[in-house]
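As a plain string of letters, each chain reads:
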Amino acid sequence: QVIFKTAWKALSNMRGIKEDHERYADLVPAKQFRVFFQLLSLARQANDKRLIHWAFVQAMASYAWGIPTKAQNIDACWGHTCSSRTRDRKMLELVDDLLSRQMKVLLCCTAVINVYDNYQRGKRLKSQRGGSSSNYLSGTHQLAIMVRPFDNSTWNDMRVELTYDEHQTLPSTSGFPAFENLDLASMDAIANALVNLDALEPQITPDFTGARVAAYGELLDITIVLCQMKRTFSVVNVCPNSGVFDDQKIDRMHRLIRSQAKTLLKGAQELQDKVTSCWNPDVGDVSLTMMLGLAGMEEDSANKCGSITLDQLYRVGVLEENADGTWKLADGWEKRRIYLFGDRKTIENMQKFSRDMANRKLTYDDATRQADVFMDAMTTVMQLPGDWHAGLAMLKSIYTLFYDGFLKPFQEALGWKRINIEVGGCYFQACRLAGFVADELVRALMYEYASTCDDFLDDDDTSEKNHAAFLCKFAVGFKKFLHQMKTSKDELRRACALYLIMYTEFRTFVDSYRCGDAIAVLLGYNRFVPYWHALGQLKYVECVWNQNEQLLRDHDHARFEESMRNRFVRCHPPGSGKRMVAHDEWLELKNASFAGFPVVSKMESFVRQGWYVGLAEKCKRTIAECYAAKSNTGTGKSIAPSMIPEMQLIFEFIMKLVVCTTNDNRIYNSKHVYQTKSTLTTDLTRKKDAQRAKSSSDYSYNRIFSSVEQILLNVEGENEGDDNEEIDEDEVMRTVRENDDEADNNEAVSTSAEEEAYDNNGRPCKYRRPHKSMLEDLKAVGWKNIKSMELKPVRAAAVQRAERLKVVKREIAKVVQVQQSMGRSEVGEEQTVLQPWKASV
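So, here is what we can say about the structure in this document. (Residues numbered from 1 in each chain as written. Predicted model: local features only at pLDDT ≥ 70, side-chain atom pairs only at ≥ 80, totals over all residues. Heavy atoms only, no water.)

## Examining the overall build of the protein chain
Then step 1. When helices and strands are tallied, the protein chain shows 33 helices and 13 strands.
Then step 2. Sorting the 841 residues of the protein chain into buried and exposed places 47% on the buried side.
Then step 3. The long-range share in the protein chain, meaning contacts at least 24 apart out of those at least 6 apart in sequence, stands at 77%.
Then step 4. Carbon and sulfur atoms provide 52% of the accessible area of the protein chain, an area that totals close to 43,200 Å². (Helix = DSSP H or I, 4+ residues; strand = E, 2+ residues; numbered from the N terminus. Buried < 20%, exposed > 50% of the residue type's maximum accessible area, 1.4 Å probe, protein only. Contact = heavy atoms within 4.5 Å. Areas by Shrake-Rupley, 256 points an atom, 1.4 Å probe, with all protein chains shown as cover.)

Here it is in structure tokens:
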């Protein structure tokens, strides 16, 4: 306003900026931002050598958004961006000598997190009908994250025993509250712990008995039920059926949750955040990340995966290159700590690479000594599975069991079409469907349990302490009620209970890594192992065993603590309302950003584009902040659409299935579920959409077909009254099916893979029968099968055998090296040289 006084005043008048009017005061900042950027554009139009860096930022953001080069060059004429040639020149200047600069930064860190995943893009070469030719470029996207170090080695000699069963103990971290002193049988003690967590003092000394973490896991299960109670009874999205539930008891629960238990429920919601901040004070710090670019090879095999890992070890200062092209361990390499996160395939390839090096054939060349160097370098790497991919595998297990015959009818009733049993391409939608069904099942079953509860407090009891103890007792009782349902003879109720228990463990796992609770994440892995084993997902079972061995056996406790404190990525500060993400999820988000880049056809250009991902992210964020200036009164947040109609439809579906009534003779019948879907009456049409469609159709009708209406007046008069004689066939079919529901309820499930049902229009349709294990308690089945394998002695013997083989091969390599240094020895002298080796072995 001072430098461009006249221009500022003229442009402000053009935009109607009135600073002295209180009515428009909230719009002034946003309009002033527009005037400011308009001045910058005018300065660029006068001389395109000005403000080149501001123009480059906008050009780089446009490049990352996939805007074509011709469109960018046209926009450069108006001063908003620079030309594509200038942009490319500046990009090359910024990435010049990038590798050495990255190594300079990484060498300053004693601990680094490396994440990588394969990435591919295709360019279609044929555009005609039926053309399938395409050019795919594949590589490995790499990411480095700075570690907040943990250097306390006081407890490095302490270990917990690996048991490979449901009783696997986990050590607590330093600063973890003393939950082992909490009496979980006392409702008052549980309520006091949730209301006042400070009463459980954080313990500096970790607990290696497992009692502290086990007690925390039990308390966490109770808080999950309390949060479900708050959602069920705080807001009435649906009206309970007065013919099934006790309305008076449900109203009392509503009043109790809304007014007299806010402190307890707030403590239950904040438990994980408070506990995590006790043992991880840096959990709120934003993570520092560095994009390492794109490697021109896929990590789809053990050798390629190992090559990428060794390249990263070279960058972080574990390996050094000799003058003759061989490799050696760098000075101070044993002090380096590397954490490698990836999907299940990455961890599997890394394990195979380590086994291949350990089981290699001995030779008399330099390859043997080089392999020893690589094996020593690999001891600095802790390989851990990516939690986002693990959550995806958990959801895949849920859909494998419950999609056909259970979740699919709800999906069809909602009209959602993108979801399928392979949840990899529809993860977000699949989570929403599973979550909505689980939430409304919890609502119905909590209404049922509240209706049967007889120990309510008196209305004149206003003690907040008594109310908190009662709610904790209600939560513990509902948890037992749900676990009793999974052994019910009523197969429908048994299926609902098994689904709720399995889904709750999945949601707890996801919520845990969203808030940074790494201890709860480890509990979630161990709880889901039997499901994976029973369903044949043995590779993820091996990932869990390998993770436990890495954390609890192969590395000291300081590495365990450090990995727990740096398990997740915080992209935004805590005050922004954004939650944390897993390492592999953060890389997937970068891959999504990479997908917006222009398509290239050569591997060289593809690799070069990988250098620009981090730079492009910063430019896009800068542009979003600069041009997203809002008024002072605006929140800047979009309002999510209300999902109450969908919830009401699901609740109506559950009530018509008669889930809340026990029938010991009821056999789960998918045909009955599909037929019930056609009797739903809840309307999912949004009011605004309906009004907009109605007004649009009315306008079109009045404007186009007014003359036709006048012509057909007499014809409509002649046919008046015919609608009353018309028979609604859909209504007849629906009535017939409703009469058959009671008979179908007790029919056995067909043994064929597909059965016949009816869609919403009464037409016959085909559907697949449910999974054969849907009604089994797979957790008990999985643990039973795992116990029969006796993994503890088997895996311990394998480790001992690998260690002996490693020692023997290294001693042989030393002997060979000594003989080569002494020259060719005579026959018979080998025993004298090998004698010391035999003694040492």
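Now that the structure has been shown, the text picks up again.
## Description of the nonpolar core
Then step 1. Formed by 186 residues in total, the largest nonpolar core has its most connected members in Met-229 and Tyr-499.
Then step 2. Apart from residues no more than four positions distant in its own chain, Tyr-499 is found in contact with Ile-398, Phe-402, Phe-406, Leu-407, Ala-434, Val-437, Ala-438 and Leu-441.
Then step 3. Ala-144, Ala-302, Leu-319 and Trp-333 belong to the second-largest nonpolar core, a separate cluster that totals 26 residues. (Core = buried A, V, L, I, M, F, W, Y, C linked by side-chain atoms within 4.5 Å.)

## What to know about the side chain of Asn-349
Then step 1. With respect to the helices, strands and loops of the structure, Asn-349 is situated in helix H13 (residues 344-358).
Then step 2. Those residues in contact with Asn-349 that lie beyond four places of it in its chain are Glu-299, Asp-300, Ser-301, Ala-302 and Cys-305.

## Considering the pairing of strand E8 (residues 337-342)
Both faces of the sheet carry side chains from a regular strand, because those side chains alternate between them.
Then step 1. Of all 6 residues that make up E8, 6 are buried, and the element is covered over most of its length.
Then step 2. Of the two faces of E8, the one holding Arg-337, Tyr-339 and Phe-341 and the one holding Ile-338, Leu-340 and Gly-342 are both buried throughout.
Then step 3. Summarising the sheet, E8 and strand E9 (residues 381-385) pair through 5 bridges and their orientation is parallel. Pairing of Phe-341 across the sheet is with Leu-384, part of E9. (Pairing = 2+ DSSP bridges.)

## Some words on the packing of aromatic side chains
For any two aromatic rings, the description comes down to two numbers: the centre-to-centre distance and the angle of the planes.
Then step 1. Going through the model one piece at a time under the given rule, you end up with 35 aromatic pairs.
Then step 2. Look at Phe-402 and Tyr-499: their rings are 5.3 Å apart centre to centre, the planes differ by 70°, and that puts the pair in the edge-to-face class. Here Phe-402 is found in helix H15 (residues 387-414), whereas its partner Tyr-499 is found in helix H18 (residues 491-515), with 97 residues between them in sequence. Tyr-499 matches Phe-402 in its accessibility class, with the two residues each being buried.
Then step 3. Three or more aromatic residues link up through ring pairs in this structure, and these residues are Phe-233, Phe-245, Tyr-447, Tyr-449, Phe-470, Phe-474, Phe-478, Phe-481 and Phe-651.
Then step 4. Residue placement shows Arg-559 over the ring face of Tyr-339; its charged tip is 4.7 Å from the ring centre. (Phe/Tyr/Trp six-rings, centres within 6.5 Å; stacked < 30°, edge-to-face > 60°. Lys NZ or Arg CZ within 6 Å of the ring centre and 35° of its normal.)

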